[in-house]
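Coordinate inspection notes
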Amino acid sequence: VGIEVKSGTTSGVATALTTVLDIKEDSLRFVPSDSILNPSFFKITNTNTTTNINTTNYSTVQLAGTTAIDFGGYFEGDGQGIKCLFNGYIRASTVICFAGVVTRGSINARFSINGTGAGAISKSSYIRNSNGHTSASETLTDIFQVSANDIVTVLTKKNATSGTITLESSGTSMLLLERLS
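Residues numbered from 1 in each chain as written. Predicted model: local features only at pLDDT ≥ 70, side-chain atom pairs only at ≥ 80, totals over all residues. Heavy atoms only, no water.

Here the focus is the nonpolar core. Counting 29 residues, the largest nonpolar core has Ile90, Ile96 and Leu177 as its most contacted members. Counting only elements with at least two residues in this core, the list comes to strand S6 (41-45), strand S10 (81-84), strand S11 (88-99), strand S12 (107-113), strand S14 (135-146), strand S15 (151-158) and strand S17 (174-179). The residues touching Leu177, leaving out its near neighbours within four places in the chain, are Ser40, Phe41, Phe42, Phe75, Ile82, Cys84, Ile90, Arg91, Ala92 and Val152. (Core = buried A, V, L, I, M, F, W, Y, C linked by side-chain atoms within 4.5 Å. Buried < 20%, exposed > 50% of the residue type's maximum accessible area, 1.4 Å probe, protein only. Helix = DSSP H or I, 4+ residues; strand = E, 2+ residues; numbered from the N terminus. Contact = heavy atoms within 4.5 Å.)

Put into structure tokens, the structure is as follows:
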């Protein structure tokens, strides 16, 4: 059973839901309204298409070329990543589109918080480099607890054959953070 508690009006417009009570068996959980009704997300995309992302050790992907979406005010661009301006939980998502003439070239991708690898590792694609197949992509989503001023970036490294692999074209790779609470 859910109970909605609403406040009055502001300038003739009903204000948003202030609290949701989630009643399950004998427990009561308060869900802050700002995490439900004030969504916030921030998306950056690449402009760099020349930096090798097929390196021996993890390195930061050059994604901060363009701020594609800035909604809600809980994030800001910071160097090659996104800075969180609050304490709470986020959903991080990335798509890394890459290209190269490396037979069976493949990368690992993972998130980084303040320069330290965090969460899951994606290793699901490779470049065949045969019959015109010279590109591939990695996708990754994870949920993290963050503190104000934490910076989230994406890291990649070589997973298979050595050689130069770069981001495919401007705007095709991205990092998106969504505020969950």
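With the rule as written, the count across this model stands at three salt bridges. The salt bridge involving Lys83 is made with Glu76; its shortest N-O contact spans 3.8 Å. Of the charged contacts in the structure, one is a salt bridge between Asp78 and Lys83, with a shortest N-O distance of 3.8 Å. Classification of Asp78 as partly exposed rests on a relative accessible area of 26%. Exposure remark for Lys83: the relative accessible area of 17% places this residue in the buried category. Via salt bridges that share partners, Glu76, Asp78 and Lys83 belong to a single interconnected network. (Salt bridge = Lys/Arg side-chain N within 4 Å of Asp/Glu carboxyl O.)

Within the secondary structure layout, Gly117 lies in strand S13 (residues 116-122). Here Gly117 is in contact with Arg110, Phe111, Ser112 and Leu155, once residues within four sequence places are set aside.

The subject of this paragraph is the confidence of the model for the chain. Averaged over all residues, the pLDDT of the chain equals 84, while 79% of them reach at least 70. The low-confidence segment residues 1-24 (pLDDT under 50) makes 39 contacts with residues lying over four places distant or belonging to another chain. (pLDDT = per-residue confidence, 0-100.)

The next point concerns the pairing of S10. Bridge analysis of strand S9 (residues 75-78) against S10 gives four bridges, and the strand direction is antiparallel. Directly across from Glu76, in S10, lies its bridge partner Lys83. What sits between S9 and S10 in their antiparallel hairpin is a turn of two residues, with Gly79 showing a positive phi close to 60°. (Pairing = 2+ DSSP bridges.)

Now for the packing of aromatic side chains. Evaluation of the coordinates by the stated rule reveals four aromatic pairs. Ring geometry for Phe75 against Phe86: centres 5.5 Å apart, planes inclined by 80°, an arrangement best described as edge-to-face. With Phe75 in strand S9 and Phe86 in the loop between S10 and S11, this pair connects stretches of sequence that are 11 residues apart. Take Phe86: its relative accessible area is 6%, and that puts it in the buried class. Chaining the aromatic ring pairs together yields one cluster made of Tyr74, Phe75 and Phe86. (Phe/Tyr/Trp six-rings, centres within 6.5 Å; stacked < 30°, edge-to-face > 60°.)

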